[in-house]
Amino acid sequence: MVNLQVLQKDFLESYKGDSSFENYIQMNGPSPQNRLSIHHNTIRVGLKKALAITYPLTWELIGEDCANGAAYAFLREEPHLPKTGNLDEWGAAFPDFLEQFPPTQSLAYLPDFARLEWLKHMAYSAEDQIPLSAHDFKDMDAENYAKLLLKLHPSAHFFSSSFPLDQILAVVNGDVESIELESRKSYALAIRPFQTVHIHWLSEIDFAFFSYLQKGDSLIEAIEGIDEKKFHLHETLSFSLQNGLFSEYAFTS
Amino acid sequence: MESYLRIAPLVKLKPSNSHDLVGVGLRHPHYSYVLENKPPLGWFEVHSENYFMKGGPALHFLERIREEYPLSLHGIGLSLGSADGLDKNHLRRLKDLIYRFSPFLVSEHLSWSRVNETYFPDLIPLPYTEETFSLLAQNIDEAQTFLGREILVENPSSYLEYRDSIFSETDFLASLCRKTGAKILLDINNVYVSSFNHGWDAGAYIRAISPEFVGEIHLAGHSLRTFEDGSVLRVDTHSSCVCDEVWALYHQALQQGIRAPTLIEWDEEIPDFEVLMQEAITAQGFLEKKEVAYG
């Protein structure tokens, strides 16, 4: 008599190519191999579609055929398969895989582009919180600014790349027809203060400033951590409040 | 299908008897249409896992739609048939979602999807054995106890049967209902698809279902898969209109006294909402015992 635990493990082996699961299947019309292939196909196509939904810009950038090929190759490796039934949280390893996947290896910028897209995906489903506005600070005593701790919005994700991802995104979005890829870094913020995810491109100094805030430093500590000569606090805070970057504030003791 | 559409009028789809409610599976391309047009449907159903996130537009839309309509949560990832047991984190998220949206129905499948911490996005059939029965009864009981409510269990579309099965699917489901207090989500398209794939008598399958156990009915379309050797399987793709044979089985189910909220499902190649609405109107025509033409 069949043991369910063994049968389910054998199905996993069948997904990886072992044919012994076919022995469980009753012979009746279509072959066990064909019957089993419906399940294997449903799994592969379902997971490929889940990746395409998470990484639509990557699909756009390298084309559907290439992206589908990368997805199917990714899905052949067991560690890449989802661990839970919540597919919304699955697929973070795909950008690393693109780095190793021979057909896309020459596109050095592609893994970072996909990593940014993953952060965009994370921002989309992050916890909702109403961001702070300038109005929330209007009655604050100036002497308290030094002690101010600004908590970043739950949807805020920062990313730095050695490649000009802003240029690449402009091409994918159709804002420009073609580019000569510049040799420079880019700094991005993916955030969804309300219902729409936005990508903002930051200066290196603003990126550093926000990194300090993100690790829990106070406003004054963040300012002390960067090169003040290149930093425009008023402009950076205005940008932050206009784009919903802060969700709460507190004071250091 | 035209024959049904001519007969079934544009009626209000909010009858007073909740058993006669007709609903539609809500998918994201239709959020805005539903909110703007408030179609006269009895309810909507969504896949629970599509709303497991912490926040964002999908939850926002669902909250707005829930303000207007009763809602059912239909799970595809709990894997009631896993020998490894239930994923507690998944169950906790489902409970949170139930708390947030107060669904009038919560359902899952007679299948498994997870082994060795690997999840397959598929509803893989189970062998109908004593061991599977004990495991499912235990897992359903655990789910119902944790969620604090009854769940419905859907009969699967299956493409393979196991040599070691000793129970028919209908006997297995009925015994599970008696043992756990769960109800059946009777997917009539699945009955038709599985019957074709295994040579079962679909009419006999419906006759074997006791009306008292049925808590919901699903209707959907499917497609054909022809293999190189010429063999054919029907595949539950939810990518087309309900076929005439499935409407006939639905009619048979109603005639034998099965009355439960009915849902139109469509998940692939999703058409304009009006197409789903026409399917719902056809179902409503059957429920209101209007004359219908077959085939």
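Each remark here, short or long, concerns the structure printed above.
Residues numbered from 1 in each chain as written. Chains lettered and ligands numbered in written order. Predicted model: local features only at pLDDT ≥ 70, side-chain atom pairs only at ≥ 80, totals over all residues. Heavy atoms only, no water.

### Notes on the packing of aromatic side chains
Residue and element names in this part refer to chain A.
- In total, this model carries 33 aromatic pairs over all chains according to the counting rule given.
- Between the aromatic rings of Tyr55 and Trp118, the centroid separation amounts to 6.3 Å while the plane-to-plane angle is 25 degrees, which identifies the pairing as stacked. With a gap of 63 residues between them, Tyr55 in the loop between helix 2 (32-54) and helix 3 (56-62) and Trp118 in helix 6 (residues 110-124) connect regions that are remote in the sequence. An identical accessibility class is assigned to Tyr55 and Trp118; each is buried.
- Ring geometry for Phe137 against Tyr249: centres 5.1 Å apart, planes inclined by 35 degrees, an arrangement best described as tilted. Remark: Tyr249 occurs in strand 5 (residues 246-251) and Phe137 occurs in the loop between helix 6 and strand 1 (148-152); sequence separation between them is 112 residues. (Phe/Tyr/Trp six-rings, centres within 6.5 Å; stacked < 30°, edge-to-face > 60°. Helix = DSSP H or I, 4+ residues; strand = E, 2+ residues; numbered from the N terminus. Buried < 20%, exposed > 50% of the residue type's maximum accessible area, 1.4 Å probe, protein only.)

### A look at the pattern of salt bridges
Residue and element names in this part refer to chain A.
- For the structure shown, the criterion picks out 17 salt bridges over all chains.
- Residue Lys16 pairs with Glu13 through a salt bridge whose shortest N-O separation is 3.2 Å.
- Of the residues examined, Lys16 reaches a relative accessible area of 38% and is grouped as partly exposed.
- With a shortest N-O distance of 2.8 Å, Asp96 and Arg115 are connected by a salt bridge. Pair noted here: Asp96 is in helix 5 (residues 94-100) and Arg115 is in helix 6, with a separation of 19 residues, a long-range link.
- Via salt bridges that share partners, Asp96, Glu99, Asp112 and Arg115 belong to a single interconnected network. (Salt bridge = Lys/Arg side-chain N within 4 Å of Asp/Glu carboxyl O.)

### Let's talk about the nonpolar core
- Formed by 127 residues in total, the largest nonpolar core has its most connected members in Phe44, Phe120, Leu186, Ile188, Leu219 and Tyr250 of chain B.
- When residues of this core are assigned to their parent elements, the largest contribution, eight residues, is made by helix 10 (residues 273-287) of chain B.
- Of the residues that make up this core, three or more belong to each of domain 1 (1-107) and domain 2 (108-253) of chain A.
- The contacts of Phe120 of chain B, once residues within four sequence positions are left out, are Phe11, Leu12, Tyr15, Ile43 and Leu81 of chain A together with Trp112, Ser113 and Val115 of chain B.
- The next biggest cluster of nonpolar side chains, apart from the first, holds 24 residues, and it includes Phe158, Ile191, Phe209 and Phe246 of chain A. (Core = buried A, V, L, I, M, F, W, Y, C linked by side-chain atoms within 4.5 Å. Domains from an automatic or database assignment. Contact = heavy atoms within 4.5 Å.)

### Observations concerning the pairing of strand 3 (residues 71-74) of chain B
Residues and elements named next belong to chain B.
- Side chains of strand 3 alternate between two faces, with Leu71 and Leu73 and Ser72 and His74 buried alike.
- Here strand 2 (residues 43-47) pairs with strand 3 via four bridges, running parallel. Residue pairing for strand 3: Glu45 is matched across the bridge by Ser72.
- Handedness of the strand 2-helix 3 (residues 57-66)-strand 3 crossover: right-handed.
- Summarising the sheet, strand 3 and strand 4 (residues 105-109) pair through three bridges and their orientation is parallel. Note that in strand 4 the partner of Leu73 across the bridge is Val106.
- Of the crossover connections in this fold, the one passing from strand 3 over helix 4 (residues 88-101) to the parallel strand 4 is right-handed. (Pairing = 2+ DSSP bridges. Right-handed = clockwise from strand over helix to strand, strands pointing away.)

### Side note on the sheet that holds strand 8 (residues 183-187) of chain B
Residue and element names in this part refer to chain B.
- Around the barrel, eight strands lie side by side as 1-2-3-4-7-8-9-12; this closed barrel has parallel pairing. Each neighbouring strand pair of the sheet contributes to a mean axis angle of 25 degrees, computed without reference to strand direction.
- Packing against the sheet, helix 4 makes contact with strand 3 and strand 4, and its axis sits at approximately 175 degrees to strand 3. (Axes fitted to C-alpha atoms, helices over the stretch in contact; angles between N-to-C directions.)

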